[in-house]
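Understanding the architecture of this molecule
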Amino acid sequence: MMRIDLRCTMGRWMNFLLLFLFFALSETAFAQTEQRISGTVVDKDGLGVPGVNVTVKGTKKITSTSAAGAFNISAKQGDVLVFTAVSYTTKELAITSQTSYKVVLNDENKALKEVVVVGYGTSSRKTLSSSVTTVKPEELNRGAIADVGQLLQGKVPGLNVSASGDPNKPAAVILRGASTVNSPGAPFYVIDGIPGADISAIAPNDIASIDVLKDAAATAIYGNRAASGVIMVTTKRGKKGQSQVTYSGYISNEKVSSELDLMNADQLSAYVAANNASFSPNDSSGSNTNWMAAIQRSSAVAHNHNLSFSGGSEHSTYSASINYFKKDGILSKSSLERIIGRLNIDQYALKDKVKFSLNLSNSSSNSNYTPLQNIVLQQAAKHLPISPVMRNNGNYFENFNTTGYYNPVSLIDNAKDETKYNVLIGGFNTEVKLPFDLTYNVNLSYQRTTSLHGEFYNRYFSQYPTAGFYNNPDPGIGIQKTLIGNLFGTNGSALRNTFQNTNKTLETFLTWNKKLGDHSLTAVLGYSYQENIYGEGFQTSSTNFPADNIGYSNLSLGNPYAIPTYRINAGDDLTYGQIRMISDFARLNYNYKDKYLFQGSIRKDGSSAFGENNYWGYFPSVGLAWRISQEEFMKQIPVISELKLRGSYGVTGNSQGIGAYNAKLLYGIYGTYYNNGVMEAAYGPTQGANPDLKWEKTTSKNLGFDFGIFNNKVTGTFDVYEKDTKGMLFRYNVSNALVPGGAIWSNGGSINNRGIEFSLSATPVASKKVNWSTSINLASNKNKITNLTSPYANGDSIVYTRPEGPGQSGASLQILKVGYPIGQFYSLKYAGKDANGVSQFYNRDGSITSTPVSGTNYFYVGSPQPKLMMGWSNTVRYNNWDLNVFLRGTFGNKIFNATRADLSFVTAATSNNLLNSAADDKINDNKNSFYSDRYIEDGSYVRLDNATLGYNIKKSVKNVNNIRLYFSVNNLFTITKYSGIDPEINQGGAAPGIDYNNFYPKTRTFLLGANVSF
C-alpha cells in the first residue's frame, strides 16, 4: 500500500510539474510574441512633442511621434525603446507587460547641444571656437517677405540689413561693417553645401536653419569669397518613419506707411502769392493733385502658398515642396510673381555606410518694374499740385516749356519693363563611411541662372525732348546723370536681352573623426574646382514700329534703318566672361575633454581672373577656446551653467566685383577713320594689363565668450573684433602716357572695422500654461579708411556721389578719405541767412559767404555709419495662443536728405512743388537748396517691425495633426526724428545713407495666415 500511495503521490507531483512547465512555456512564448506598443511623448510641461524618433534598440524598427506626441510601434516584452529628438535628452524605456506608456523628455540646452553647420561639416555649439550665430525658422522675420536678407533683419548681431518697399529689390546686407568699396560686400551664401548658390532659389518655408559665420576662424575655409562673412542655409529634409504633408499660406494687404510732406495746391499757391510770384497759365488749372498718390496703388495685395511633402523608409528619406508667391508693389505696375520647386532625396546603401543625396531647386520669377522708376519718383515729387494728371480732352497733361518736366503717370502708362528670371540649382552628394573612422565626400553642383528682359517705350515718348531727358541713377562712385532721351527712338522703341550664367563645382574632401579617450580629433582635407561662365547671351533694340501694341515681343516689325540717327543697342562689350578657380583646403579640430578646443584651417585659392604673377592666394586661420565652466573650481559656482572663452585670427579674401578680364589688356572701338574712300571702325586699347593684380585680403581678429546661468535659463554671447582689409580692388583712371587706354585695375587702399557684439536670451517665465521667452542683440561697428595709395594713385581722398540738384552741377556729397568711414559726408556748412533772407555758408577760415565754391568750402559733416544696431524679440505663449513682438532699431547714423534739399528749391516754386519745411524760405533765396549740413539729419529710429498673434487648433479635424491660424502686422510704427519717407536708407555699397528722390515707399502690412499639417 505504501508503494502504491507513493506512486500515486509522485504521479500527482509529475502532473503538477508538467502543468507548471506548460504554463511557464506558454507565458514565455507569449512574452516573445510582438505586440503593438503605443504611448505619448511629452515635455516637462506635459505638452506633446512632435517628431520624436522612436526606435527599438538593436533593430531597424523606427517611427516618429505625431504632432500631438503620440506613437505606435511593434515590440516585445524585454525590448528597449529609444526616444531621440533635437533639443531633448535621449531616453530609453524597457518594455514590460504594459502596452501603453507616457514618456517625459527633458530639455537639453539648445545653445550648447544644437548642431551648427560650418564649411564642409557640422559641429556642436559647445565645441565651437569661432563666432557663429544660428537662426531657426521660428526666429525668422514674419510677413510678406521673399528675400532672405529681410528674414534676418535684426536677428543677427553685427548683420546690417536695409530694405526698401520694392518687391523686386533685394535687401542690402553688410556683416561687421563694409570691407571694400569695390562691390556691395554682401556675405557669401552656401545652400545645402552648394557654394555661391543664388539665395532667390530658396523659399522661406523651406529653410531648416541659417548659420551666419562671422569671424575668420569660421569663414577662412571658403578663402577668397569669405571677407564679408558666410551665410550657410540648410533646407528641410525628410525623416525616417515619418510621413507628413504641410500647407502654409497667407494673404496680406499693404498701404503706404509714410509720405513726403509736400505742399498741396492751396499751400503752394499761398506761398507763391506771398512772394509776389505767379504760376504760368500753362500749368494752372485749378486742380489739387497728389502726384505721389497718382503713381501708387491705394493698396497692394500679396499672397503666398507653400505645399510640402516629406517622409522616409528604412533606407531613404525625401522632402519636396512647391511654393507660389505673388506680391504687388505699392508703385503702379511693379510686382513680383515667383514659383519655386524643391526636391531633397537621401538614399542609404551598404548597411547605411554609403549615402547619396540629391538636391534640386528651381525658381522661376516674373518681375514687373515701374518703368523708369527713379525718374517717376523724382517727377512725382516735384510736379505742381495745381496741374492735373489728364486734360479735359483725355490727353496727359504735359508742359514741355519747363526743362526736365514730364508727367510721371504718362511715363508709367506708356512704357513696359519686365524681367523673367530663372534659377536652377542641382547638387549630387556622395558620402562614404570608410574604415579607420574616415568619411569621404564628393559634391557635384550645377547652377544656371537665366534672365529674359524686355523694355518698350511707345510712340508717346517721341515727343519728349532728347536734350533734357536725364536718368536719375542710384548714387555711387563714378555714377552721374546721363541723357537717355535718344533711347526712345521714333514711333516707339524696344529693347530685348537674354543672358545666362552657369556655375559648375566639384568639391571632394576626406574627413577623419577620431576619439582617443579624452581626446577628440576631426580633420578635413579637400579639393575644389569651379568654372563660372557669365553674361552668355545677347542684346538688341529696335525702333520705328507700325503700332504700339507690338511691344518688345516682335522686334523684326520695327524699321530702325529708316532713322539715320538711331543706333541699335547691342549692350556692353564686356558682358561675357569665364573664370576658373582651383582650391585646396584643410582643417583640424582638436578638443580635450570638451574643455580645451583648437581649430586651424588653410585654403589655397587660384583664379584665372587675377594677374599672371598672382593667380594664387593663401587664407589661413586659427581658433582657440576654453570652456571654463568644465573646470573643477567652476563647478562650485552652481549659478554658472556654461562659460566659454574663445579667440580667433585669420585671413580671408574678396573676389566680388572682379571680372574675368580685369587684369588683361583690352581693346575697344575708337570711332571710325577714313581708309581708301571707306569709313572703317577704329580700335584701340581701353584698359591696361596688370600682371600683379591680386586678391583683396581681410585679416580678422575676434575675442569672445559664451555664457549660461541659472541652469541655462539665461544664455548669451559677447564678441570684440577687428578687421583689416588691404589691397582693395579699384579701377584707376590714369594718363594714357602711363597706361594704354588710360585705365587699369589695381590693388590699393585699406579699410579697418572694429566692433562689439552682444546677444542675450532668457526665459523669465516657464510654466505649463504660460511661457515667456525674450532675446536681444546689440552691435556697434566703427568703420575707417586707413589708406588710399596704390601704384597708380597717391592721393588720400576721392570725392563722389553727385546728384546734380538744381543749380548745383558738379556738387558732391561724399568722400573716401583716410581717417574717415566709407560714405563720409563732405559738403558745405550752413551758416543761416543774411538780413535779406539769403542762405549763407562758412568758408574754411570761419568767415561767412553767400557764394560758396563746391569743394573749396567743404567740411566733414557727418557719417552714415550707425553707431549701434538693436533687435529685440519677445514671445509669450498661453495655452494654445502665442504672441511675438519684434522691435528693431538703428542709432547714431546720419542721412543726407538730398530729397529735402531738391524739394526746397524755392526759386522754382512756380514750376516745381516744395516741401512744407521750405515755407519759411524766401523765393529769391536761390541757394537755400544747396547741399550742406542743413540737410543732414539724424537717421536713428526704433521700429515695431512685426507683431504676430497665433492660435493652435489641435485634434479638431480627423487626420489633421495641427492647424495654426495667425494674424501679423509689419511696420506698425516707427519712432524717429527723420523728416523723409523712412529712415531705413540703404547701407550697402560705397554710397550709404543717401536719400535722393528715388526711395521706393515703405508700407505697413496686415497679414492673415494659416499652417496645416497632416
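Per-chain numbering applies: the sequence of each chain, read as written, is numbered from 1 onward. pLDDT decides what is reported in this predicted model: residues at 70 or higher carry local features, side-chain atom pairs at 80 or more are listed and counted, and totals for whole chains, interfaces and linings draw on all residues regardless. To get the side-chain values, take all heavy atoms of the structure and skip hydrogens and water.

What follows is about the overall build of the protein chain. By definition, any uninterrupted DSSP run of H or I lasting at least four residues is a helix, any uninterrupted run of E lasting at least two residues is a strand, and each is numbered from the N terminus. Each helix and strand counted, the protein chain has nine helices and 52 strands in total. The globule rule is 2.2 Å times the number of residues to the power 0.38, and the radius of gyration it is compared with is taken over C-alpha atoms. A compact globule built from 1014 residues should have a C-alpha radius of gyration of about 31 Å, and the protein chain, at 34 Å, falls within 12% of that. Taken along the three principal axes of its C-alpha coordinates, the protein chain extends 145 × 65 × 65 Å. Exposure categories follow from relative accessible area, calculated using a 1.4 Å probe and restricted to protein chains: below 20% of the type maximum is buried, above 50% is exposed, and the middle band is partly exposed. Looking at the protein chain residue by residue over its 1014 residues, the buried ones come to 53%. Any two residues having at least one pair of non-hydrogen atoms within 4.5 Å are treated as being in contact. Sequence-distant contacts, at least 24 apart, represent 70% of the contacts inside the protein chain between residues at least 6 apart. Roughly 44300 Å² of accessible area belongs to the protein chain as shown, and the carbon and sulfur atoms make up 57% of that amount. Working convention for charge: Lys and Arg count positive, Asp and Glu count negative, and His plus the chain ends are omitted. Here the site of a charge means NZ on Lys, CZ on Arg, CG on Asp, or CD on Glu. Across the protein chain, the centroid of the 93 positively charged side chains sits 7 Å from that of the 75 negatively charged ones. Each accessible area value is a Shrake-Rupley result obtained with a 1.4 Å probe; residue values ignore everything except the protein chains displayed when judging cover.

For the rest of this paragraph, the subject is the confidence of the model for the protein chain. As a per-residue measure, pLDDT tells how confident the predictor is, with possible values from 0 to 100. Averaged over every residue, the pLDDT of the protein chain is 90; the share at 70 or more is 95%. pLDDT under 50 marks residues 1–14. Its contacts with residues more than four places away, or in other chains, come to zero contacts. Counting interchain partners and residues more than four positions distant, the pLDDT-below-50 stretch residues 16–31 has two contacts.

Looking now at the pattern of salt bridges. Each reported salt bridge corresponds to a side-chain nitrogen of Lys or Arg within 4 Å of a carboxyl oxygen of Asp or Glu. Counting across every chain of the model gives 36 salt bridges. The salt bridge involving D206 is made with R342; its shortest N-O contact spans 3.2 Å. Taken together, the residues D206 in the loop between strand 14 (194–195) and strand 15 (207–213) and R342 in strand 20 (residues 335–349) connect sequence positions 136 residues apart. For D206, a relative accessible area of 2% gives the class buried. Two residues, K635 and E632, come together in a salt bridge whose shortest N-O distance is 3.6 Å. Judged by relative accessible area, which is 56%, E632 ranks as exposed. Each of the salt bridges in this network shares a partner with another, and the network as a whole consists of R888, R943, D945, D982, E984 and K1002.

Any pair of Phe, Tyr and Trp rings, taking the six-membered ring for Trp, is counted once the centres come within 6.5 Å. Such a pair is stacked with planes under 30 degrees apart, edge-to-face with planes over 60 apart, and tilted for the rest. Under the criterion given, the structure shown has 32 aromatic pairs. Geometrically, the ring pair formed by Y396 and Y460 is edge-to-face, given 5.5 Å between the ring centres and 75° between the ring planes. With Y396 in the loop between helix 7 (373–382) and helix 8 (408–413) and Y460 in the loop between strand 23 (438–457) and strand 24 (493–516), this pair connects stretches of sequence that are 64 residues apart. Owing to a relative accessible area of 18%, Y396 belongs among the buried residues under this scheme. In this structure an aromatic cluster arises from ring pairing among Y396, F400, Y406, Y457, Y460, F461, Y464, F469 and F488. If you follow K240 out to its NZ or CZ, it ends over the ring of Y348, 4.4 Å from the centre. A positively charged side chain is recorded as over a ring if its NZ (Lys) or CZ (Arg) lies within 6 Å of the ring centre. The angle to the ring normal must also be within 35 degrees. Across the ring face of W616, the terminal group of K604 is positioned such that the distance to the ring centre comes to 4.5 Å.

This brings us to the side chain of N168. Inspection of the secondary structure puts N168 in the loop between strand 11 (159–162) and strand 12 (172–175). According to the relative accessible area criterion, N168 is buried, its value standing at 15%. For the purposes of these results, a polar contact is taken to be a pair of N or O atoms within 3.5 Å, where, inside protein, one atom must be able to donate a hydrogen and its partner to accept one; residues adjacent in sequence count only when each atom of the pair is a side-chain atom. Polar contacts involving the side chain of N168 include one to the side chain of S367, which spans 2.9 Å.

What follows deals with helix 5 (residues 265–274). Of the positions making up helix 5, those classed as buried are A265, L268, Y271 and V272. Projection of helix 5 onto a plane perpendicular to its axis shows the buried side chains occupying an angular sector of 135°, all on one side. Facing away from the buried side of helix 5, by more than 90 degrees, are the exposed residues D266, A273 and A274. Where helix 5 begins, the side chain of N264 points an oxygen toward the backbone nitrogen of D266, at a separation of 3.1 Å. Two residues or fewer after helix 5 comes N276, characterised by a positive phi angle close to 55°. Arc definition: directions from the helix axis to the C-beta atoms.

Glancing now at the sheet that holds strand 38 (residues 797–800). Taken in spatial order, the four strands of this open sheet run 38-39-40-44, and their pairing is antiparallel. Across the chains shown, the open sheet's two edge strands, defined by having one partner strand only, are strand 38 and strand 44 (859–862). Averaged over all neighbouring strand pairs, the angle between strand axes comes to 40°, with direction disregarded. Pairing between strand 40 (residues 824–827) and strand 44: three bridges, direction antiparallel. Bridged to S827 within strand 44 is F859. Each pair of strands is called paired provided DSSP finds at least two bridges between the two strands. What counts as an axis is a line fitted to C-alpha atoms, over the stretch in contact for a helix, and the angles between N-to-C directions run from 0 to 180 degrees.

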